[in-house]
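# Tertiary structure, described
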Amino acid sequence: MHKKIRLFVSMLAAAAMLVFLPGSSLTVRAAEGNTYSLKYIGGDVNDWRYVSGSTFEDGMYHRELYTLTTYDLKDGDNIVVYPGDGAPAKNLDLGSFNLGSVTIHQGAQAVVNTSGVIKDCYVLNGAYASVNGEVTNAYLYDNATCTFHNNVLYMVLYITDVPHSNISCGGTVGEFRIYTTAGESRGAFYDIPVNTMRLTDGTIQFPVWSPNPSEAYLQAKAEADGTAASQPPASEPPADSSAPSAPATDTAADEYDQVPKTGEDGTGLWVITLTSAAAVLFTASCRLSRKVK
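About the cut-offs
Residues numbered from 1 in each chain as written. Predicted model: local features only at pLDDT ≥ 70, side-chain atom pairs only at ≥ 80, totals over all residues. Heavy atoms only, no water. Helix = DSSP H or I, 4+ residues; strand = E, 2+ residues; numbered from the N terminus. Buried < 20%, exposed > 50% of the residue type's maximum accessible area, 1.4 Å probe, protein only. Contact = heavy atoms within 4.5 Å. Polar contact = N/O pair within 3.5 Å; in protein donor to acceptor, adjacent residues only side chain to side chain. pLDDT = per-residue confidence, 0-100. Salt bridge = Lys/Arg side-chain N within 4 Å of Asp/Glu carboxyl O. Pairing = 2+ DSSP bridges. Disulfide = S-S within 2.5 Å. Arc of directions from axis to C-beta.

Scanning the chain from terminus to terminus reveals four helices and 15 strands. Residues counted as buried form 41% of the 293 residues belonging to the chain. By sequence separation, contacts in the chain at least 24 residues apart represent 39% of the contacts at least 6 residues apart.

Structure, rendered in structure tokens:
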């Protein structure tokens, strides 16, 4: 028996040594944020209700918004708002979480309140939205109507032919761009001052803007994107500029995610684990050896 234990100890020791070899590393993947779908239900309910996942179908079991914001929702999670029973009589209050994304689905209406930061805000074609909260990236599509009451770092409007959306921002806009779904650029506008950004029936009405990005904006964009150095914004739209049917899942912010990220080296943790296991088994082996003798 003690020979088998010694053999196992040797295998663990060899595995522990491998992690010190050049180029050896272990990758640990972090969990992605959860997605919750919400819909305003009238009648006797007269409130927002939610389900887990990116779809909210009639007849699905749903729960109260209070349960979501008290127990389930966390930083990095994603919200999809579906069309409900007419215009909601209550605002959609999402607390102080830093959300990975908020998507206002086609035809949906919502006044979204958050004291946190929304990383990606999608307002799809035919949606009506009012967003209270800081937004890092805003993506709007065709005939969308949206008012942002706080700052938006980067805003893009995707159109099929000519713009006819109604968009405004009560804060500053670091960059605003218009792209056709064919990939044609209709201009870029930088450093739009507070409470001046207006697009009325597709007509640009903000009087002050810069044709070139400022260093302050480039630095802020680089920090938001997590890049090592400031780079000029891309001149091309994303490869797929069609409106998303559900938000992309994003990992939670670093300060709220304690496990190593994808691609990070988890060597230290495994070295400790393997070394500890080897020490325990080596001690057991020695004791068994003395008993046998």
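With that settled, the discussion passes to the environment of Asn151. Looking at the secondary structure, you find Asn151 in the loop between strand E9 (145-148) and strand E10 (152-159). In this structure, the C-alpha to C-alpha distance between Asn151 and Thr136, residues 15 residues apart in sequence, is 8.2 Å. Not counting residues within four places of it along the chain, the set of residues in contact with Asn151 comprises Gly133, Glu134, Val135, Gly171 and Thr172. Within the structure, Asn151 has its side chain in polar contact with the backbone nitrogen of Thr172 (distance 2.8 Å).

What follows covers the side chain of Asn78. The residue Asn78 is located in strand E4 (residues 78-82) in this model. A relative accessible area of 0% means that Asn78 is categorised as buried. Side-chain polar atoms of Asn78 contact the side chain of Thr35, separated by 3.5 Å.

The next subject is the confidence of the model for the chain. Predicted confidence across the chain gives a mean pLDDT of 77, with 67% of residues reaching 70 or more. Here residues 3-31 scores under 50 on pLDDT; set against residues more than four positions off or in separate chains, the count is 44 contacts. When the criterion is pLDDT under 50, residues 228-293 qualifies, and its contacts beyond four places in sequence or with other chains add up to 110 contacts.

Counted under the stated rule, the structure contains five salt bridges. Its salt-bridge partner being Arg177, residue Glu175 comes within 2.3 Å of it at the nearest N-O pair. Taken individually, Glu175 and Arg177 each receive the classification buried, so the pair is uniform in this respect. Across the pair Arg186 and Glu184 runs a salt bridge whose closest N-O atoms are separated by 3.4 Å. For Glu184, a relative accessible area of 44% translates into the label partly exposed.

When a strand is regular, its side chains alternate between the sheet's two faces. Among the five residues that make up E4, five are buried, leaving the element largely enclosed by the rest of the structure. Alternating positions in E4 separate into two faces, Asn78, Val80 and Tyr82 on one and Ile79 and Val81 on the other, with burial throughout. Relative to E4, strand E1 (residues 35-41) runs parallel, the two being bridged by five bridges. Considered in E4, the bridge of Leu38 is made with Val81. Inspection of the sheet shows E4 paired to strand E6 (residues 99-104) by four bridges, in the parallel sense. Pairing of Val81 across the sheet is with Ile104, part of E6.

This paragraph deals with the side chain of Asn113. Looking at where Asn113 falls in the secondary structure, it is placed in strand E7 (residues 109-123). Judged by relative accessible area, Asn113 falls into the buried class, the value being 18%. Setting aside residues up to four positions removed in sequence, Asn113 forms contacts with Asn91, Leu92, Asp93, Leu94, Gly95 and Asn132.

Applying the stated rule across the entire model yields zero disulfides. Summary of cysteine pairing: Cys146 is not part of a disulfide, and the nearest cysteine sulfur, belonging to Cys121, is at 5.8 Å. The thiol sulfur of Cys169 is not disulfide-bonded, and the nearest other cysteine sulfur, from Cys146, lies at 9.0 Å. A relative accessible area of 1% places Cys169 in the buried class.

Turning our attention to helix H2 (residues 65-72). The complete set of buried residues in H2 reads Leu65, Thr67 and Leu68. Along the axis of H2, the buried residues cluster in a sector spanning 160 degrees; they form a single face. Of the residues in H2, the exposed ones pointing more than 90 degrees away from the buried face are Tyr66 and Tyr71. Of the surrounding elements, those touching the buried residues of H2 are E1, strand E2 (47-52), strand E3 (63-64), E4 and strand E5 (92-93).

The next subject is unusual backbone geometry. The phi dihedral of Asp142 falls on the positive side, at around 45 degrees, and the residue is not glycine. As for its placement among the helices and strands, Asp142 is situated in the loop between strand E8 (128-141) and E9. Overall, Asp142 belongs to the buried group, its relative accessible area being 15%. Although it is not a glycine, Asp201 sits at a positive phi angle of roughly 50 degrees. Along the chain, Asp201 falls in the loop between strand E14 (197-200) and strand E15 (203-204).

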